[in-house]
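Residue-level structural notes
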Amino acid sequence: MIVIDSASPVPPFEQLRAQLARQIQDRTLAVGTQLPTIRRLAADLDLAVNTVGRAYRALEEAGLIETRGRAGSFVSAAGEQGRERAYRAAAEYAAVIASVGIDTPEAVRIVQAALANSGAATP
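Residues numbered from 1 in each chain as written. Predicted model: local features only at pLDDT ≥ 70, side-chain atom pairs only at ≥ 80, totals over all residues. Heavy atoms only, no water.

Some details on the packing of helix 2 (residues 38-45) against helix 3 (residues 49-61)
Cut-off, in case you're wondering: The axes are straight lines fitted to the C-alpha atoms, using for helices just the contacting stretch, and the angles between their N-to-C directions are given from 0 to 180°. Under the scheme used here, helices are H or I runs from DSSP no shorter than 4 residues and strands are E runs no shorter than 2 residues, and both carry numbers assigned from the N terminus. Oblique is the label for every angle not falling under 35 degrees (roughly parallel), over 145 degrees (roughly antiparallel), or within 65 to 115 degrees (roughly perpendicular). Take the far helix as the reference: if the near one is turned anticlockwise from it by less than a right angle, the crossing is left-handed, and if turned clockwise, right-handed. Only heavy atoms enter the contact rule, under which two residues are in contact if any of them lie within 4.5 Å.
It is at 8 Å that the axes of helix 2 and helix 3 come closest, and there the two elements cross at 120 degrees. Judged by the inter-axis angle, helix 2 sits oblique to helix 3. Here helix 2 runs over helix 3; the crossing is right-handed. Of the residues in helix 3, those touching helix 2 at Ile38, Arg39, Leu41 and Ala42 are Val49, Val52, Gly53 and Tyr56.

So this is what it looks like as structure tokens:
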């Protein structure tokens, strides 16, 4: 369920993008799930068509959804593949950390610094 808070300082397109991304990442929306059309979702959420279109474009650029022309927009397998790639990289990193004797808090600080330098969001 998507809820747009009109009183929030976060723009509606970003609220929509973030909620859909979260549902895709936590697998509430499974790979292959067809999303509502832009017009339909805009009407359902009482948003402008351009607002929903902007959120869909951002999700597509992130590889979380794919648009198949008139067939519509679908949750992409690329997002799942990205998650699997991240898990493999994390396992490799954990092995390196263990082999050089760095403790967990320091390893986490290293990751946080790397994420901050890459512009990625940190928890």
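Section: the packing of helix 1 (residues 12-25) against helix 3
Inclusion rule: Gly is put with the polar residues, along with every residue not named as nonpolar or charged; the nonpolar set is Ala, Val, Leu, Ile, Met, Phe, Trp, Tyr, Cys and Pro, and the charged set is Asp, Glu, Lys and Arg.
Orientation of helix 1 relative to helix 3, taken along the N-to-C sense of each, is 45 degrees, at an axis distance of 8 Å. Considering the angle they form, helix 1 stands oblique to helix 3. Crossing geometry of helix 1 relative to helix 3 is assigned as right-handed. Together, Pro12, Phe13, Leu16, Arg17, Leu20 and Ala21 of helix 1 and Thr51, Val52, Arg54, Ala55, Tyr56, Ala58 and Leu59 of helix 3 make up the contact between the two elements. Classifying every residue of the contact of helix 1 with helix 3 by side-chain character gives ten nonpolar, one polar and two charged.

Brief notes about the packing of aromatic side chains
The relation between two aromatic rings is expressed through the spacing of the ring centres and the mutual angle of the planes. Formally: Classification of ring pairs uses Phe, Tyr and Trp, with its six-membered ring standing for Trp, and accepts pairs whose centres are within 6.5 Å; under 30 degrees between planes counts as stacked, over 60 as edge-to-face, and the remaining range as tilted. In our convention, an over-ring charge means Lys NZ or Arg CZ found within 6 Å of a ring centre and within 35 degrees of that ring's normal.
Tallying each qualifying case throughout the model produces zero aromatic pairs. One Lys or Arg, Arg54, reaches over the ring of Phe13 and ends 3.6 Å from the middle of that ring. Between Arg68 and the ring centre of Phe74, over which it is positioned, the NZ or CZ distance is 4.0 Å.

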